[in-house]
Amino acid sequence: RIKTIGKSVVKVSHAVTREELYQLALFYGDMPAAPPTPEMIRNIFEEIENTRTMGIWLASKYVLEHRYKAAKDMFEKLLQLSPNDVEIMSLYANVYSVEGKLIEAENRLNNVLILNPNYPLALYFLGYVYNAKGDYEKAINMYETALKYFSENEKMEKADAYQNLGCSLWEVNRREEAIE
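Asks: For the packing of helix α6 (residues 120–132) against helix α7 (residues 136–149), give the residues involved together with the corresponding values.
Replies: Here α6 crosses α7 at 160 degrees, and the two axes come no closer than 8 Å. Classified by the angle their axes make, α6 and α7 are roughly antiparallel. The chirality of how α6 crosses α7 is left-handed. Facing α6, whose interface residues are Pro 120, Leu 123, Tyr 124, Leu 126, Gly 127, Tyr 128, Tyr 130 and Asn 131, α7 presents Tyr 136, Lys 138, Ala 139, Met 142, Tyr 143, Thr 145, Ala 146 and Tyr 149.

Asks: Could you give me a rundown of the packing of aromatic side chains, with the residues and numbers involved?
Replies: Going through the model one piece at a time under the given rule, you end up with 4 aromatic pairs. Arranged with centres 5.8 Å apart and planes meeting at 50 degrees, the rings of Tyr 124 and Phe 125 form a pair that is tilted. Like Tyr 124, the residue Phe 125 is buried in the burial classification. Ring plane angle 50 degrees and centroid distance 5.8 Å describe the contact between Tyr 124 and Tyr 143, whose orientation is recorded as tilted. Of this pair, Tyr 124 sits in helix α6 while Tyr 143 sits in helix α7; the two residues are 19 residues apart in sequence, bridging distant segments of the chain. Residue classification places Tyr 143 among the buried positions, given a relative accessible area of 0%. Through a chain of ring-to-ring contacts, the aromatic side chains of Phe 75, Tyr 92 and Tyr 96 assemble into a single cluster. Arg 108 extends its terminal NZ or CZ atom over the ring of Tyr 92, reaching a point 4.5 Å from the ring centre.

Asks: So what about the environment of Tyr 68? Which residues, and what values?
Replies: Following the sequence through the fold, Tyr 68 ends up in helix α3 (residues 68–81). Using a relative accessible area of 17% as the deciding quantity, one classes Tyr 68 as buried. As for Tyr 68 and Val 98, which are separated by 30 residues in sequence, their C-alpha atoms are 8.7 Å apart. For Tyr 68, the contacting residues outside a window of four places in its chain are Val 63, Val 95, Val 98 and Glu 99. For Tyr 68, the side chain forms a polar contact with the side chain of His 66, separated by 2.8 Å.

Cut-off values and rules
- Residues numbered from 1 in each chain as written.
- Predicted model: local features only at pLDDT ≥ 70, side-chain atom pairs only at ≥ 80, totals over all residues.
- Heavy atoms only, no water.
- Axes fitted to C-alpha atoms, helices over the stretch in contact; angles between N-to-C directions.
- Helix = DSSP H or I, 4+ residues; strand = E, 2+ residues; numbered from the N terminus.
- Parallel < 35°, antiparallel > 145°, perpendicular 65-115°, else oblique.
- Left-handed = near helix turned anticlockwise from the far one by under 90°.
- Contact = heavy atoms within 4.5 Å.
- Phe/Tyr/Trp six-rings, centres within 6.5 Å; stacked < 30°, edge-to-face > 60°.
- Buried < 20%, exposed > 50% of the residue type's maximum accessible area, 1.4 Å probe, protein only.
- Lys NZ or Arg CZ within 6 Å of the ring centre and 35° of its normal.
- Polar contact = N/O pair within 3.5 Å; in protein donor to acceptor, adjacent residues only side chain to side chain.

What follows is the structure, given as structure tokens:
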């Protein structure tokens, strides 16, 4: 007997079961492999999350070592995996801020806020950019907005935002508010 499987022709000596046809089709590449199990899918997501976490850690290390190009390259790679990850986009924009490329940082942070207007890290970083540019009123607005959206367990981020808010308030002679 001759059986056709996709584009392949196979000679068989007996009646072929469905399972045998499936195995032959797999062997000849005419059928996809069995769908992944929930455990396989879970492992894939864990691997992606571990890659993301390690990538952020490595990029942060590069920034501390003043290896800004390497940090930006790492964030580019991470964004290839997840193009709309607002945390990665914000951290990437912040590298430009650290380099003193404030216009590029501002543009990138505004892109983050287009995706998520209430993302506190982007609002905070944009406050820093405005403060560095001497636009203290905009900085104050960004810090105050960021403080509304930081969660209760983000205590360090909130403390930084309050400190920077106080500095911006001081610069515009709103000293009583800054002290509060």
